[in-house]
Structures are given as C-alpha cells and as structure tokens.
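Observations on chain architecture
As a plain string of letters, each chain reads:
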Amino acid sequence: MELNYFLLVAAALFCIGIYGLVTSRNAIRVLMSIELMLNAVNLNLMAFSNFLDPDDIRGQVFSVFVITIAAAEAAVGLAIVLAIYRNRDTVDMEQFNLLKW
Amino acid sequence: MEFSNVASQLNAWVIMPEGVVILTLLSVLLIDLIVGRTSVRWTPYVAIAGLTASLGALWLQWDPADPIAFLGGFSGDTLSTLFRGIIALSSIVTILMSITYVERTGTALGEFLIILLTATVGGMFLSGANELVMIFVALETLSISSYLLTGYMKRDPRSNEAALKYLLIGASSSAIWLYGASLLYGLSGGETRLTAIAANLAENADVPPLGLIVALVFVVAGIAFKISAVPFHQWTPDVYEGSPTPVVAFLSVGSKAAGFALAVRLLAAAFPLVSEQWHFVFTALAILSMVLGNVVALAQTSMKRMLAYSSIGQAGFVLIGLLSNSVDGYASMLFYLLIYLFMNLGGFTCVILFSLRTGTDEISEYSGLYQKDPLLTLAFSICLLSLGGIPPLAGFFGKIYLFWVGWQAGLYPLVLVGLITSVISIYYYIRVVKMMVVKEPQEMSVAIKNYPKIQWTLPGMRPLQVGLVLTMVATTLSGILANPLFTLANNAVVKTEMLQATLKSPEATETARAIAPPVATTPPDPQG
Amino acid sequence: MNLSEGVQLVSFGILTFLMLGAALGVVLSPSVVYSAFLLGLTFSSMAGLYLLLNADFVAAAQILVYVGAVNVLILFGVMLVNKRQDYRKETGLLLRQLLTAVVCFGLFALLGAVTVITPWQIAEGVTRVDSSVIALAKHLFSDYLLPFEVASVLLLMAMIGAIVLARRDLLMEDPETGMPAETELALPERPRETVVSE
C-alpha cells in the first residue's frame, strides 16, 4: 500500500465535493457536498498520520476534531435551512436572491 | 507521563482572559435559565462586566515571561494580547448597542448574548492560536457563532438568506483551508505546531516544493474569507444587509481583527519559505479590495451595504501594513485596527439608532437629520469623516501611517492605489454628511419629517447613548492624542518574539531555523 | 507481495470504488433522497479506508458520528423540507456545469501532480503506537487539551443556537386581530423598495 493512493483518492473526493458545491441547486445537497470535502480532508490527514507520523498519530487527533466540528456545522446548517424553508417555502439556491445589488 | 508533570507544563494562566469570558458566558446562560425572561434587564451588564474583567486580565498579562501555553498550542505574546483586547473591546461596544435592538425585534436577548460571547471567545483564541488544530477549532467557534448570529432574526427572510449564504460560503472556505492545513501537516512530516512546521520545511527543502505553494493558496482562501478581501468578499454585502446591525458591527471589527491576527501568525510563522509568493498574493488581494470596495460603495443606496463595501476597502488598506514586513508595518496595522474599532463601531451605533427611530437604513432617508437630531448627526459625521481619513480625526493619522510605512517599504503601486481609492472613499462618506446637514426643510426626507421625539429615558436607550458618546469621544481623541495608542501598537510588535525572529534575518530559510529553538517546547512523550 | 498485502490492496480497490461512486452519486443524482442515502455509503466506505490506515478509533467515530448522526440529521432535513417541486429552468445551467466540471478536473490534476512529485518524508523503522485509543487520549489530555476544551464550548453554543433557530416559536398574537404580530423576530429595517416590488 502506498501513501499516494490514498492522497489521490482524497483529492478526487475533494474535487467531487467542489463540483457539488458549485452546481447543486438544493441547499441540503450543498451541505452534503461540504461534508464530502471535509471527509476528503480527513482521509488526507489519516493517510499522513499513518505513513509519516505513525509514532505520534497527530493526524488522527486532528481528524477527530474535524469530525466533531463537522457534526456541529451540519446541525447549524440544517437549522438555518429549516428556518429559511419556513419563510420562503423553497430550498432552491437560485431563488435566494432577495439580497442583490 | 505523570499528570502533575503535564499540569505544570501547561502554563494555563495565559488563557485567563478567555477563561473569564467563558465563565461569564456560563453564568449568563444559567441566570437566563433560572431567573427567566426578567433577567434580561441586567444580564447584558453581567456580560459587559465579564468582558471588562477579561480586558483587565489581558492588561495584567502584558508581555508575560513565558507566553507559550498548552505545550505550544497557544501563545500569549504581546501581539496576541493586543488583538484579544481589540476583540473583547469590540464585543463590549456591540453589547451596548444590541440591547435595545434585540429587544425591539422580540427575539431572546439571553441567547443572543451567549452566542456573541462564544464568538468573542473564538476570536480571542484565534488571535493566539499557535497550532493547526487550535486554529481550526477557534476559527470554527468564531464562524459557527457568526452564522447563528446572522440568522438570529429567524422570521425575516433576509436574515435567513444571509445566514444560509454565510454558512455555505464559510463552511466551504474552511474546508478549503483545512485541505491546505492537511497538506502542511503532510509536507512537514507530521507536525501541527506552526513553528515546528516552518523548521521542518526549512530543513528538508531548499527550494519551496510545489505542494507548499498549493497549501499556501488554500490557506489564503480561508484567511481572505475571514477578512473579506476581494475576490473572497461576495458574502460580505449580503450578510451585512441581512444581519441584525449589531452583529454586522461585530463582524466588521471583531471577526475581521481575528482574521488579521490569524493572517499575521500563519504567514509569518509557517510560510517564511514562500515569503515572496504570499507577498505577491496579498498585494493582489489588497489592490483588488481597495479598488472594488471603494468604487462599488459609491453606488450603494443602503447604509449597511455601503458600510459593507467600505469595510472591504478598509481591509485593503490594513493589508498594506501586513505587506510592509517591518516593525513599523505591523505596528501601523495594529494602530489602524485600534482606530478602526472606534470609528466603525461608532458608525454602526449611529445606524442602529437611526433605524430604531425611523425603521429604515436607506441613505437618502438621512437627509435633513441635523434639524431633528444634532447629536446623532455630529457623531455620525465624525465617524464617517474619520473613516474617510479627514484630518485631524483619528482615521487620517492611521492612514498616513500605513501609507508612509508602505512607501518606506517600497510598495509604491500599492500606496498609490491606496491614495487614489481613499480620495474616492472620501466622496461617498462626505455625500452622506452633506445630506444630513442640508439646510432647506423641503429637502427633508419622509422619515426625518416623522422623526420621533428624542427620549433617552426610554428603557434600553441609555446603553446606546453611552456607546454613542464613548465611540465618538474615542474617535475624536485618538486622533489628537494618538501617541499612547501608537506606543501600544509599537510595543506589541517589538516585544513579540515570533515577529522579531521573522524580521531580523531577511533570508527565508535562516528565519525558519531561527524561530524554531526559542519557542520549541517539549512535546509529551508518546511512549509514556 | 504476500497474502495480507494482496487482501489490503483488493479491499482498498473495492472501498475506493464504492466511495467515489457513491460520492459521484451524491452530487449527480436527481433525487436528494438518493443523495442522502449514498452519502451514508460514502461515509461507511470511508470508515473502511480508515481501518486500512490502522485507525480503529477514528473509524468507529466515523461510523458513529457521520453515519449515525450527520447522515441521519441530513435525512431528517430532507424529510422536513420535502416539497416536490420542479426547479425553474435556468438558462446556461448546462454550460455552467460543464465549466465547473472542467475546472474541478483541472484542480484534481493539479492536486494529483502535487501528490506524485512531492517527496513525502515517509517514516520508516519507527515504532508504531500499540493502541491508537491510548495514544489519542494522551494527546487529548496534554498538547491538544486546549482545543478539546474549546470544542466543548463550541458544541454547547451550536446546540443552543440550532435549537433557537429551528424551534417553532409561539408568536405573541395581536389581541385585536388574533394574527401573529408582523414585526416579531424580523429586522427593524424596512426591506428595500426593489424587494417589495418582486
């Protein structure tokens, strides 16, 4: 097994996440894309932790924090999506244009 | 590894100011739970008292003998102390202006205070964070509480939309930042402390590897989002317009100061190898911010949006100090941020007062305000003129200092752009002032004609008045008596070991080696 | 190549295929419900990859937090805002998607190139930690103690904030009309004219 395999997979996942972030029209799907990007980061950290830093595994500590905070972010994100759905009755990103100059 | 052994190494008293704020936060939460809704009459003052105590703790800890706490995770050096002071102070003024505003909208003040205090804690930790994990956690504490504050007016579609946009852009920019951080972790062979990263990189590479430049670009994206530099600014006008105004005030000062603290620490400590590249990137960001921020501000009709674009432009001015890469450069940046704190918060206090009395923030509605409310007109004029940089107000000295330092450092194009755009900015600031003092009664706007009688005795108006007068006096005085602030900023830079090490030796690789020894702490033995 | 390496390589291949396929499904699938379930598959196969990287604790945390909490939360979100609606057609959407795909592919090429040409400092001959749980705990209570504590403040605040935003408020009603008062929980500033006309 090689480090590069994992890093390439992480890079691919990150790019898929960015694609979803830019093109999704559903706000919830945008949140999912952000989770994909965070997972890519985690895979990167874990791979480095295993191959470069196996005696100290700082990368694993880092990814535990990333997992924790990603969960908090998802909860807050969904709360905001719910609030906007109640007021606007849609989650289509293209319709959120009250604030434009 | 004995526990007592670790406890003595932690040097935990360095985070006492943050500890005070966290205690305040918890007591506000508990009081709000136990006493109920009636407690909102005095919980804001508990919060203000806590933040003031935290400022006092910061004062006591100025220039500690051993600034490194938590085995390298946090640094309480003078630079971070000053930044933490700026953030705590901006939070105090924000609470003063938010009491009436939040009450008027019918939302719960207790939770608002708790989230605001958490944002303050996050910003304060971010200013001193010295390690990637700590930076990430502090950054997210600040960001997530900012998203919540932005969406706090939850029945208002504008507030919802602003919160959603802020959350999506913010979360993706922090994911991008994290990817850069993970590359840094890998490139340095498994280090997360900034100084250790720089030392390891310098040891193992004479030429900066491509990976480091990619990591730099990714990390810069995260920082530029926080300080809302163009082209990472798209969220700013929308969020500023849709958020409750006190939140906007906090975001434009406290959150932005935390972003600058992060920029200084991360760039100076972790990226000395690619110093040329980050200077190039930030020069581009500064020029774009100054031009776009100040030019687009001309076309705005909403006061909050205008101040949003103006704050983008101001971020560009502050970046000149960061780019000068000298003691004076960093000092001028701190000096300007201190002044900016007073004038910008003063401006927002006036906007809040006006919108509470008239229910609008259209610029055209301000015309003729002088006839009805001279005090508000005076305070707003002083703050706006100071933001525009009219002598003898504080903003003038701040800008002159920044431009002078930039010129000394040979950043001629940057300074020229700065001069031209600040002339443009004077135009739109003065336009508002001129509108407010028009003489003819027929030019008065509808809102002014129906202007309510000024009553400071109404509940909740006193703190607003105190905030107004305080920021107005501070803006005026810090122009005439700029010396103490100037000395403070200068001291903060001179006494910071991290910056000194970067500034002394121009050779990048030398720098990285030079910083590493004095701050390297003994990591705990993993084998136990 | 001995047996265990072969097994590892094959399972790496299967997990990667599952994960990337599911991730593509998340962003491309027309129905957001399928996306949400595919997201769960992505998270689970990611946990498998963590096991290949000798990270048992994080793999368990991945299953518990991501699959158990985040994914379920997202499913709830999908259910609560489940309104069947056809999105209004926007012009130039296809072009935008194509451009984004090209940019993302370019980014992948760049990141891949960085991965391949960087001489990573692979640690060899270093003693691996015996139990990752013990090593993690030691870190969390020594040099990562501060972020650990700050994260607890963050979680408390996120909980309070999410409840405040998501709960349905009993609005104070106007005594005369019985309708909820209009100004409640909204910005005191009037919306701009352009917005009203829409």
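Preceding block: the structure.
Residues numbered from 1 in each chain as written. Chains lettered and ligands numbered in written order. Predicted model: local features only at pLDDT ≥ 70, side-chain atom pairs only at ≥ 80, totals over all residues. Heavy atoms only, no water.

What follows deals with the overall build of chain C. Scanning chain C from N- to C-terminus turns up 7 helices and 0 strands. Ordered by position from N to C terminus, the α and β elements of chain C give α-α-α-α-α-α-α. Classification of the 198 residues of chain C by burial places 39% in the buried group. Approximately 11,600 Å² of chain C is accessible, and the part contributed by carbon and sulfur atoms is 68%. (Helix = DSSP H or I, 4+ residues; strand = E, 2+ residues; numbered from the N terminus. Buried < 20%, exposed > 50% of the residue type's maximum accessible area, 1.4 Å probe, protein only. Areas by Shrake-Rupley, 256 points an atom, 1.4 Å probe, with all protein chains shown as cover.)

Across its full length, chain B holds 23 helices and 2 strands. Relative to the compact-globule value of 24 Å for 528 residues, chain B shows a C-alpha radius of gyration of 23 Å, a close match. Seen through its principal axes, chain B has C-alpha atoms that stretch 75 × 60 × 40 Å. Expressed as a percentage of the 528 residues in chain B, the buried residues total 69%. Counted over contacts in chain B with a minimum sequence separation of 6, partners at least 24 positions apart contribute 81%. Side-chain charges in chain B split into 26 positive and 29 negative, and the spacing between the mean points of these groups amounts to 14 Å. (Rg over C-alpha atoms; globule rule 2.2 N^0.38 Å. Contact = heavy atoms within 4.5 Å. Lys, Arg positive; Asp, Glu negative; His and termini not counted. Charge placed at Lys NZ, Arg CZ, Asp CG, Glu CD.)

Counting from both sides, the interface comprises 73 residues of chain A and, opposite them, 87 residues of chain C. Between chain A and chain C, a total of about 7,300 Å² is buried, with carbon and sulfur atoms accounting for 73% of that surface. Our count for the chain A to chain C interface comes out at 0 salt bridges. Summed over the shared surface of chain A and chain C, the number is 10 residue pairs in polar contact (both at pLDDT 80 or more). If you list the elements that add at least two residues to the side of chain A that touches chain C, you get α1 (3–23), α2 (27–51) and α3 (58–88) of chain A. Take the side of chain A that touches chain C: its biggest share by element is 23 residues, from α3 of chain A. (Buried area = accessible area lost by both parts, 1.4 Å probe. Salt bridge = Lys/Arg side-chain N within 4 Å of Asp/Glu carboxyl O. Polar contact = N/O pair within 3.5 Å; in protein donor to acceptor, adjacent residues only side chain to side chain.)

With 69 residues of chain B at the interface, the matching set in chain C holds 42 residues. Broken down residue by residue, the surface that chain B buries against chain C is led by Lys 154, Arg 155 and Arg 158 of chain B, which jointly contribute 13%. If you look at where chain B meets chain C, you find 0 salt bridges. The tally of links between chain B and chain C comes to 7 residue pairs in polar contact (both at pLDDT 80 or more). Residue classes in the side of chain B that touches chain C are distributed as 31 nonpolar, 25 polar and 13 charged. (Nonpolar A, V, L, I, M, F, W, Y, C, P; charged D, E, K, R; others polar.)

Next up on the list: the nonpolar core. All names here are of chain B. Grouped together as the largest cluster of nonpolar side chains are 295 residues, with contacts concentrated most on Phe 271, Phe 282 and Leu 322. It is helix α14 (residues 327–358) that provides the largest number of residues to this core, a total of 21 residues. Setting aside anything within four residues of it in sequence, one finds Leu 322 in contact with Ala 263, Val 264, Leu 267, Trp 278, Phe 282, Tyr 330 and Met 333. (Core = buried A, V, L, I, M, F, W, Y, C linked by side-chain atoms within 4.5 Å.)

What follows deals with the side chain of Thr 100 of chain B. Looking at where Thr 100 of chain B falls in the secondary structure, it is placed in helix α4 (residues 78–105). Aside from chain neighbours lying at most four places away, what touches Thr 100 of chain B is Leu 356, Pro 459, Gly 460, Met 461 and Leu 464 of chain B.

Here we come to the pattern of salt bridges. If you walk through the whole model with that rule in mind, you get 13 salt bridges over all chains. Across the pair Arg 58 of chain A and Glu 191 of chain B runs a salt bridge, and its minimum N-O distance is 3.7 Å. Of this pair, Arg 58 of chain A sits in helix α3 while Glu 191 of chain B sits in the loop between α7 (157–187) and α8 (194–204), on two different chains. A salt bridge links Asp 373 of chain B to Arg 357 of chain B; the nearest nitrogen and oxygen atoms lie 2.5 Å apart. Linking Asp 373 of chain B in the loop between α15 (369–372) and α16 (374–388) with Arg 357 of chain B in helix α14, this pair joins segments that are 16 residues apart in sequence. A residue is classified by how much of its surface remains accessible, and Arg 357 of chain B, at 12% relative accessible area, is buried.

All names here are of chain B. Helix length check: α7, at 31 residues, gives a terminal C-alpha distance of 45 Å against a target of 45 Å (1.5 Å per residue), a fit within 8%. Of all the 31 residues making up α7, 28 are buried; the element is thus mostly covered by neighbouring parts of the structure. Regarding α7, its N-cap is Asp 156, as a side-chain oxygen of that residue lies 2.8 Å from the backbone nitrogen of Arg 158 further along. Trailing α7 by a residue or two, Gly 189 shows a phi angle of about 70 degrees, which is positive. (Expected span 1.5 Å × (residues − 1).)

This part is about unusual backbone geometry. Residue and element names in this part refer to chain B. A cis amide bond, omega 5 degrees, links Val 230 with the succeeding residue Pro 231. Backbone torsion omega between Pro 391 and Pro 392 reads 5 degrees, so that peptide bond is classified as cis. Among the secondary structure elements, Pro 392 is positioned in the loop between α16 and α17 (394–408). We note that Leu 71 has phi near 55 degrees; this positive angle belongs to a residue other than glycine. In this fold, Leu 71 is placed in the loop between β1 (68–69) and β2 (74–75). Leu 71 sits in the buried class, given a relative accessible area of 8%.

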